[in-house]
Each structure stands twice: as C-alpha cells, then as structure tokens.
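Here are the chains, one letter per residue:
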Amino acid sequence: MVCVDPHSIPVAAIVDSEMMESMPYSLTESTGMDALTYAIEGYITKDANDLSEMFHIKAIELIVKYLPKACENDKEAREKLALGQYIAGTGFSNVGLGLVHSMVHPLGALYDTPYGVANAILLPTVMEYNAEATGEKYRDIARAMGVKKVDEMSQEEYRRAAVKAVKDLSISVKIPEDLKDIVKEEDIEFLAQLAMDDACRPGNPKDPTKEEIIELYKKLI
C-alpha cells in the first residue's frame, strides 16, 4: 500500500548534485528514468494544468539531454539531471500521476524490483495504451524528447515517435526491455488488482479495467 500523510512531507529539500557523484551507473540510470516517468505521467494526468505542464516539459528536456552523460558521471550533467528531477517533482506533487506508477508499486512490493527500472520498462507500453486519451500532448513530449520535424507528423505518427523516443532512451542507458525476469504469470491477476486499487490509478488519462491491466502486464512477459 502507498502511505500518504502531511506529516511525511518535508519542510525543505536539499538537492546537491555533488552528493550524487558516488552513485553507480545502475542507480543513476534507474533514478533518471524514474524522474522521466514522473515528468511524462505528470504531463498527461487528468489533473494537469498550465503550470504543471510548464514544469514537466522542461523536466523532460533536461532529463533526456543529460541522463546519458550523468550515467557516465559527467559533473555538469549530474547537476542538470538533479535540476530536472526537482522540476518534475515540483510538477507532479501538485497534480498526481497515473497507471505506470499504479502498476509499478506492486512490483516493488512483491519482487523488490528497483523502482526506476520498473517505471522505465512499463512507461512505453502504458504510453501506447494511453495515447488515444492524450489529445496533442504526445506531440509536445516528442518535441521535448528531441524528435525532429514533429510539426510535420500526423497525430498517429507523433504519438508513435514519442513512445519510440522513450524506448530508445531507456535502451541507451541499458534498462531491460521487458518484465520476463521479474514477473511470475501466476501473480498477474493479483498485481492487476493492486494496480486498480492504487492511489495513482484514478489520475490516469484513460480509465483502465482490471482486464486491461492484466493484458498490459502480459505484453511485457
């Protein structure tokens, strides 16, 4: 279960990229992709607004540009990535998230799956599922991800391009492409029920059924 209480919210947060320089590659890649998931889910969530969208688009731009270099421990890239994740947090903490996080929380509970890794694996698949409910937002995401000639694309093309850009970044920083080594098929119905009950699920732009969530898990094993 996800525990939420005002007493767990810090009065202040110190984000110092120098303290992150000892992070290994695997932790940098997973937490970086976690931040990207926050930014993208926060951008398309039902409660998104003009202010939160501004934060999330900037966060996507920074994370995409600097994550690969930060994984190699480039000092400037770590600083920019730290800024990107902070901006993403400023956005989503005001508007909520969606189905990716709803499906990821049970994976951590049952299998102790690294949070950012699970987010990165699920994000493209859930983006494909959500596409029809996102209006023109995937065009903005594709552009922020560095996709060229987005304005010349049809809606279907820029939606595919946005998903592909996320997949390509994930692969480039060596994130696994599926859940085959994580999820046991006999657990999927239980995982789906936990995802349905999760606090993040109502914020998803498209309302999923339990059966649809089951199929999303199955696509990745």
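Residues numbered from 1 in each chain as written. Predicted model: local features only at pLDDT ≥ 70, side-chain atom pairs only at ≥ 80, totals over all residues. Heavy atoms only, no water.

Trainee: What exactly am I supposed to notice about the overall build of the protein chain here?
Mentor: When you go through the protein chain residue by residue, the secondary structure sums to nine helices and zero strands. Shown N-terminal to C-terminal, the secondary structure of the protein chain runs as helices and strands in the order α-α-α-α-α-α-α-α-α. Its C-alpha radius of gyration of 17 Å places the protein chain within 12% of the 17 Å reference for a compact globule of 221 residues. Principal-axis analysis of the C-alpha atoms gives the protein chain an extent of 45 × 45 × 35 Å. Here the protein chain holds 221 residues, and 48% of them are scored as buried. Counting contacts in the protein chain only where the partners sit at least 6 residues apart, residues at least 24 apart contribute 75% of the total. (Helix = DSSP H or I, 4+ residues; strand = E, 2+ residues; numbered from the N terminus. Rg over C-alpha atoms; globule rule 2.2 N^0.38 Å. Buried < 20%, exposed > 50% of the residue type's maximum accessible area, 1.4 Å probe, protein only. Contact = heavy atoms within 4.5 Å.)

Trainee: Which parts of the structure should I look at to understand unusual backbone geometry?
Mentor: Glycine aside, a negative phi is what most residues show, and trans is what most peptide bonds show. Of note, the phi angle at Asp112 is positive, near 60°, even though the residue is not glycine. By the element assignment, Asp112 lies in the loop between α4 (99-111) and α5 (115-130). Looking at Asp112, the relative accessible area reads 66%, which means it is exposed.

Trainee: It is not clear to me how the layout of surface pockets should be interpreted in this structure. Could you clarify?
Mentor: Any empty space left between the atoms is revealed when a probe the size of a water molecule rolls over them. Considering only enclosed or pocket space, the largest pocket measures out at about 800 Å³ in volume. For the largest pocket, the lining is made up of 28 residues, of which Tyr38, Gly89, Phe92, Ser93 and Leu97 are closest to its centre. Of all elements in the fold, only α1 (25-44), α3 (75-95) and α4 reach the threshold of two or more residues within the lining of the largest pocket. The biggest single contributor to the lining of the largest pocket is α3, with seven residues. Residues that form the lining of the largest pocket fall into these classes: 16 nonpolar, 10 polar and two charged. (1 Å grid on protein atoms, 1.4 Å probe; cavity = no way out; pocket = protein on both sides within 12 Å on 5 of 7 lines; lining within 4 Å. Points joined across faces, edges and corners; volume = space filled by probe spheres on them. Nonpolar A, V, L, I, M, F, W, Y, C, P; charged D, E, K, R; others polar.)

Trainee: Is there a simple way to think about the packing of aromatic side chains in this case?
Mentor: For any pair of aromatic rings, the description consists of the separation of the ring centres together with the inter-plane angle of the planes. Following the criterion strictly, the structure yields one aromatic pair and no others. Seen in terms of ring centroids, Tyr38 and Phe92 are 4.3 Å apart; in terms of plane orientation they differ by 5°. Their pairing is stacked. Placement of the pair is Tyr38 in helix α1 and Phe92 in helix α3, with a sequence separation of 54 residues. Just above the ring of Tyr43 sits the side chain of Lys137; from NZ or CZ to the centre is 5.0 Å. A cation over an aromatic ring shows up here: Lys174 above the ring of Tyr25, its NZ or CZ 5.0 Å from the ring centre. (Phe/Tyr/Trp six-rings, centres within 6.5 Å; stacked < 30°, edge-to-face > 60°. Lys NZ or Arg CZ within 6 Å of the ring centre and 35° of its normal.)

Trainee: Any chance you could explain the nonpolar core here in plain terms?
Mentor: A general feature of soluble globular proteins is that nonpolar side chains tend to end up buried together. If you look at the biggest cluster of nonpolar residues, it comprises 65 residues, and the most contacted ones within it are Leu36, Ile60, Met103, Tyr138, Ile141, Met145 and Tyr217. A total of 10 residues in this core trace back to one element, the largest contributor, which is helix α2 (residues 50-71). Residues in contact with Met103, not counting those within four places in the same chain, are Leu122, Val126, Ala195, Ile213, Leu216 and Tyr217. (Core = buried A, V, L, I, M, F, W, Y, C linked by side-chain atoms within 4.5 Å.)

Trainee: Honestly, the pattern of salt bridges in this entry has me stumped. Any pointers?
Mentor: Opposite charge on two side chains permits pairing when their charged atoms draw close. Under the criterion given, the structure shown has 11 salt bridges. Lys206 is paired through a salt bridge with Glu132; the nearest N and O atoms lie 2.7 Å apart. Here Glu132 lies in the loop between α5 and α6 (137-144) and Lys206 lies in the loop between α8 (188-197) and α9 (210-219), a separation of 74 residues in the sequence. Glu132 gets classed as exposed once you look at its relative accessible area, which sits at 58%. A salt bridge links Arg160 to Glu156, with the shortest nitrogen-to-oxygen separation between them at 2.9 Å. Here the residue Arg160 and the residue Glu156 both occupy positions in helix α7 (residues 155-172), the gap between them amounting to four residues, near one helical turn. Using a relative accessible area of 49% as the deciding quantity, one classes Arg160 as partly exposed. (Salt bridge = Lys/Arg side-chain N within 4 Å of Asp/Glu carboxyl O.)

None of this, on its own, says anything about what the molecule does.
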